[in-house]
Every structure is written in C-alpha cells, then in structure tokens.
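Observations on chain architecture
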Amino acid sequence: MNEKDSLLKKAFDTLENNSLPTESQKEIMLNRIMLEGENENSSCIEKLKRIVIVYPWRLAFVVSAVQAAAFTLIFGTQYTNLFLGVFGG
Amino acid sequence: MNSFLEALNHPAEAFRSGKKEVSWTIVGITILLNSVFEPILQHFFGASSPVIDAKKMLKITALGVLSYVVICVAFWLVCKSFGSKMAFKKHLSAWGATYFPTALCSVVVAITEVLFYVFWNSTIWGMLLNFVFIGILIWKVILYFVYLKEFVGLKGWRFIGVSILMGVVILLMATVSGYLGIKTPII
C-alpha cells in the first residue's frame, strides 16, 4: 500500500512540476507584469513612449499611411514620383 | 521563431537579450537580398536582363559583412567617447536586431527598380510604394533611438550627441555604400 502511495505521489509531483512555468517563461511573465505596472503609473507621454518602444513597426506604418494618403491627395503623382526617383531610380 | 518575433515586436528586450544568432541571421538575409536576390530579379525580370555576375555577388556579400562590422565599430567608438561602457561584442550582437526594416527595404528597392514603369505616374501604386518606403524609414529611425536610449542607456546631452554623430556616420556610410554598388546600405 505504501509503495502504491509513493508511486501515486511521484506521479502527482511530476504532473505538478510539468505544469509549472520554466525560468525563461517566468522571466517573460515578470517583464510583462512590470511593463503593465509601469504603464498604470505613468503619464500620457510615458504611455505614448512605451507604445512606440513596444510596437515600433505598427506606429511607423500608421504614420506613413497618414502621410502617404494626405500628400498624395494634395500633390498627386508629383509626390509619389519624387520618392520613386530617389529610392527606385 | 520566438526570438525573431521578439526582435520584431519587442526590440528593446531583444537588444537586451543579445541573441547574436538572431541578429546575425537577419543581417545575413539582408546582405543576401542585396547581393543575390536583386541581381537574379534583374536578370529574369529587368528590362536589360543583365548577366548574373558571381564575382559581383561575392563582392557585395563581403562588403555587406564589412559594412555591418564598420557600423558596429562606429557605434562602439562613438558611444564610448560619450561615456558608455558597453563592450564592442554587445553592439555586434544587438544592432543586427534592427535589420528587419533594412531587409524589407532591400526587397522593395529591388522590386521598384525592376518594375519602375508600373509605379511611375501611377497614383495608387506610387502611394503604396511611398507608404512602404516612409514606413520602413520611420521604423528604422525608431529602432535607432530605442537602441541608443533603451539598450546603450544614453540620457540627456549624451543621447543627443551620439544620435547626431551616428546620424552623420550613417549618412556617410549610405553614400559610400551607394558608390560601391550596394543598393540598400547595410547599416
């Protein structure tokens, strides 16, 4: 009976250990929590700065979409050809 | 794969983790896009169909590697002169994580050159191209400032000084790269 108990205990221990996060997972979780904490206690500028740091490409393409639409509407192909001449000529 | 996603979505953390395999893979892909992909695309789809020159491919690859080392040396020297204690190896391991926009730029430049006539005088295609180019440019600039501020840890006048000086170095290197035949500077 004792041996059976010990086997069951070992099995449960293994299950418990497997469900625990690894060191690297713990580190990622801690970083995310700290980031959230920083966001909660920060000003608007700090929040904006954080968004830029965390999502650089998203912000870059949003700004780019706005300028591309606005300046193409104003200047038409003169504007788009200017960039084509510089980057693709 | 997670490390690549980290470099894409959380660059500051990617710089700090300093995974050189990830950095150097992105740099390698960027160099190969310039040295191999672009001439092949020109050969098959370009108006003049230039012959594939293996020697030139090797030359551009070597120049690309050299360019990456030079930009890292420049970062190390300039940051050091402004009081940073960061070792050269750390710059060499981390700066490559900013090469996603550079790699994308290499692809777009190659396509633009080959399909120049599609984009010229076309409002929709031109606007799309403009959106991609400016987006890439802003993305790289953001990564540049995040690198100096969050990774190198520069603050105040040191941050401004290094930003300006490295900006000059980058412009010089871009000019020299163009002169040497690298379409998208490996910087």
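Residues numbered from 1 in each chain as written. Chains lettered and ligands numbered in written order. Predicted model: local features only at pLDDT ≥ 70, side-chain atom pairs only at ≥ 80, totals over all residues.

Scanning chain B for helices and strands turns up nine helices and zero strands. In sequence order, chain B lays out its α and β elements as α-α-α-α-α-α-α-α-α. Compactness check: chain B gives a C-alpha radius of gyration of 17 Å against a globular reference of 16 Å for 187 residues, within 12% of the reference. Across its three principal axes, chain B shows a C-alpha extent of roughly 50 × 40 × 35 Å. Taken over 187 residues, chain B has a buried fraction of 40%. Restricting the contact set of chain B to residue pairs at least 6 apart, pairs at least 24 apart contribute 72%. (Helix = DSSP H or I, 4+ residues; strand = E, 2+ residues; numbered from the N terminus. Rg over C-alpha atoms; globule rule 2.2 N^0.38 Å. Buried ≥ 20, exposed ≤ 12 C-beta atoms within 10 Å, placed from the backbone. Contact = placed C-beta atoms within 7 Å.)

Let us look at the overall build of chain A. Scanning chain A from N- to C-terminus turns up five helices and zero strands. Shown N-terminal to C-terminal, the secondary structure of chain A runs as helices and strands in the order α-α-α-α-α. Scored against the burial criterion, the 89 residues of chain A give a buried share of 15%.

Every contact between the two is made by 28 residues of chain B and, on the other side, 25 residues of chain A. At the level of secondary structure, the elements contributing two or more residues to the side of chain B that touches chain A comprise α1 (2-9), α2 (11-17), α6 (100-114), α7 (116-119) and α8 (123-151) of chain B. Considering each element in turn, the side of chain B that touches chain A owes the most residues, 15 residues, to α8(B). Within the side of chain B that touches chain A, the residues separate by chemical class into 17 nonpolar, eight polar and three charged. (Nonpolar A, V, L, I, M, F, W, Y, C, P; charged D, E, K, R; others polar.)

Residue and element names in this part refer to chain B. At a minimum axis separation of 9 Å, helix α3 (residues 20-45) and α6 run at an interaxial angle of 10 degrees. What the angle tells us is that α3 and α6 run roughly parallel. On α6, the residues that touch Ile-26, Ile-29, Thr-30, Leu-33, Asn-34, Phe-37, Glu-38, Leu-41, Gln-42 and Phe-45 of α3 are Phe-100, Thr-102, Ala-103, Ser-106, Val-107, Ala-110 and Val-114. (Axes fitted to C-alpha atoms, helices over the stretch in contact; angles between N-to-C directions. Parallel < 35°, antiparallel > 145°, perpendicular 65-115°, else oblique.)

Another point: the nonpolar core. Nonpolar side chains tend to gather and get buried jointly when the protein is soluble and globular. Residues and elements named next belong to chain B. Ranked by size, the top nonpolar core spans 54 residues in total, and within it Ile-26, Cys-72, Phe-75, Ala-97, Trp-139 and Tyr-147 carry the most contacts. Here this core takes 14 residues from α8, the largest share from any one element. What Ile-26 contacts, discounting residues up to four positions off in sequence, is Ala-7, Gly-96, Ala-97, Tyr-99, Phe-100 and Ala-103. (Core = buried A, V, L, I, M, F, W, Y, C linked by C-beta atoms within 7 Å.)

Right, let's get into the confidence of the model for chain A. On average, chain A scores 80 in pLDDT, and the residues at 70 or more come to 89%. Confidence, expressed as mean pLDDT per element, reaches its minimum in chain A at helix α2 (residues 23-40) of chain A with 74 and its maximum at helix α4 (residues 56-75) of chain A with 92. (pLDDT = per-residue confidence, 0-100.)

Residue and element names in this part refer to chain B. It is at 11 Å that the axes of α8 and helix α9 (residues 156-180) come closest, and there the two elements cross at 140 degrees. Crossing of α8 over α9 shows right-handed handedness. Residue-level contacts link Phe-145, Leu-148 and Lys-149 of α8 to Phe-159, Val-162 and Ser-163 of α9. Its residues placed into classes, the contact of α8 with α9 shows four nonpolar, one polar and one charged. (Left-handed = near helix turned anticlockwise from the far one by under 90°.)

The next point concerns α4(A). In a regular helix each residue adds 1.5 Å, so 20 residues correspond to 28 Å; α4(A) covers 28 Å between its end C-alpha atoms and thus fits that length. Note on α4(A): the residue one or two positions beyond its end, Gly76(A), has a positive phi of about 65 degrees. (Expected span 1.5 Å × (residues − 1).)

Before going further, it helps to spend a moment on the environment of Phe37(B). All names here are of chain B. Mapped onto the elements, Phe-37 comes out in helix α3. Here the alpha-carbon distance between Phe-37 and Ser-106, two residues 69 residues apart in the chain, equals 9.1 Å. Sequence-distant contacts of Phe-37, defined by excluding residues within four places in its chain, comprise Leu-32 and Ala-110.

Once that is clear, we can look at unusual backbone geometry. Even without being a glycine, Asn121(B) presents a positive backbone phi close to 65 degrees. In this fold, Asn121(B) is placed in the loop between α7 and α8.

With that settled, the discussion passes to the confidence of the model for chain B. Low pLDDT means the predicted coordinates in that region are not meant to be read closely. Residue and element names in this part refer to chain B. Taken residue by residue, chain B gives an average pLDDT of 90. The fraction at 70 or more is 99%. When the elements of chain B are averaged for pLDDT, α1 gives the smallest value, 78, and helix α4 (residues 54-81) the largest, 95. Reported for the predicted complex are a pTM of 0.80 and an ipTM of 0.83.

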